[in-house]
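# Close look at the chain arrangement
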Amino acid sequence: MDSEPLQIPLDQLRHAFELALQHIEASAGSTVALERDYFWSVPGDELYDVPNEPRTITIGQLSESWQHLEDLLADPDRAVGHHLVWLADVLRAIGQDTAQ
């Protein structure tokens, strides 16, 4: 499959995130409680290698991902791209919990 890379305008992504977050706040309030902490995780180099089944599955921890985000809030100059991965861990859990 040779196709053009998916182009994501960051302003639209930010707006979609805000709309989704507003929806959660309207129904759940200003704080969400995540009942589960551990989750299955596929390493990044295998995550998008769809023709091959992942050989490695690891365990992630939401509280650890959240701690990385709290550290970012405490020191914004230390931002790295992987903060988006930790944010995605937390957002997925919130989205799945509130969808039920």
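Criteria and thresholds
- Residues numbered from 1 in each chain as written.
- Predicted model: local features only at pLDDT ≥ 70, side-chain atom pairs only at ≥ 80, totals over all residues.
- Heavy atoms only, no water.
- Axes fitted to C-alpha atoms, helices over the stretch in contact; angles between N-to-C directions.
- Helix = DSSP H or I, 4+ residues; strand = E, 2+ residues; numbered from the N terminus.
- Parallel < 35°, antiparallel > 145°, perpendicular 65-115°, else oblique.
- Left-handed = near helix turned anticlockwise from the far one by under 90°.
- Contact = heavy atoms within 4.5 Å.
- Nonpolar A, V, L, I, M, F, W, Y, C, P; charged D, E, K, R; others polar.
- Expected span 1.5 Å × (residues − 1).
- Buried < 20%, exposed > 50% of the residue type's maximum accessible area, 1.4 Å probe, protein only.
- Arc of directions from axis to C-beta.
- pLDDT = per-residue confidence, 0-100.
- Lys, Arg positive; Asp, Glu negative; His and termini not counted.
- Salt bridge = Lys/Arg side-chain N within 4 Å of Asp/Glu carboxyl O.

## Describing the packing of helix H3 (residues 62–74) against helix H4 (residues 83–99)
Following both chains from N to C, one finds H3 and H4 inclined at 130°, their axes separated by 9 Å at the closest point. For the element pair H3 / H4, the angle class is oblique. The interaxial crossing formed by H3 with H4 has left-handed handedness. Along its contact with H3, which presents Leu62, Ser65, Trp66, His68, Leu69 and Leu72, the element H4 presents His83, Trp86, Leu87, Asp89, Val90 and Ala93. The residue inventory of the contact of H3 with H4, partitioned by class, reads eight nonpolar, three polar and one charged.

## Here's the deal with H3
The terminal C-alpha atoms of H3 lie 18 Å apart, and with 13 residues this matches the ideal 18 Å at 1.5 Å per residue to within 8%. Within the span of H3, buried status applies to Leu62, Ser65 and Leu69. Buried positions in H3, seen along its axis, are confined to an arc of 70° and lie on one side of it. Structurally, H3 contributes buried residues whose contacts are with strand E1 (38–41), strand E2 (58–61) and H4.

## Some details on H4
Over its 17 residues, H4 runs 24 Å from end to end, which matches the ideal 24 Å to within 8%, given 1.5 Å per residue. Along H4, the residues that are buried comprise His83, Trp86, Asp89, Val90, Ala93 and Ile94. Angularly, the buried residues of H4 cover 130° about the axis, an arc narrow enough to put them on a single face. Opposite the buried face of H4, at more than 90 degrees from it, the exposed residues are Leu84, Arg92 and Ala99. Of the surrounding elements, those touching the buried residues of H4 are helix H1 (10–28), E1 and H3.

## Considering the confidence of the model for the chain
Looking at the chain as a whole, its pLDDT mean stands at 94, while 97% of the residues score no less than 70. Confidence scores differ between elements of the chain, with helix H2 (residues 44–47) showing the lowest mean pLDDT of 92 and H3 the highest of 98.

## Some details on the side chain of Glu46
Note on placement: Glu46 falls in helix H2. For the buried residue Glu46, which engages in no salt bridge, the nearest side chain bearing the opposite charge is Arg55, 4.1 Å off.

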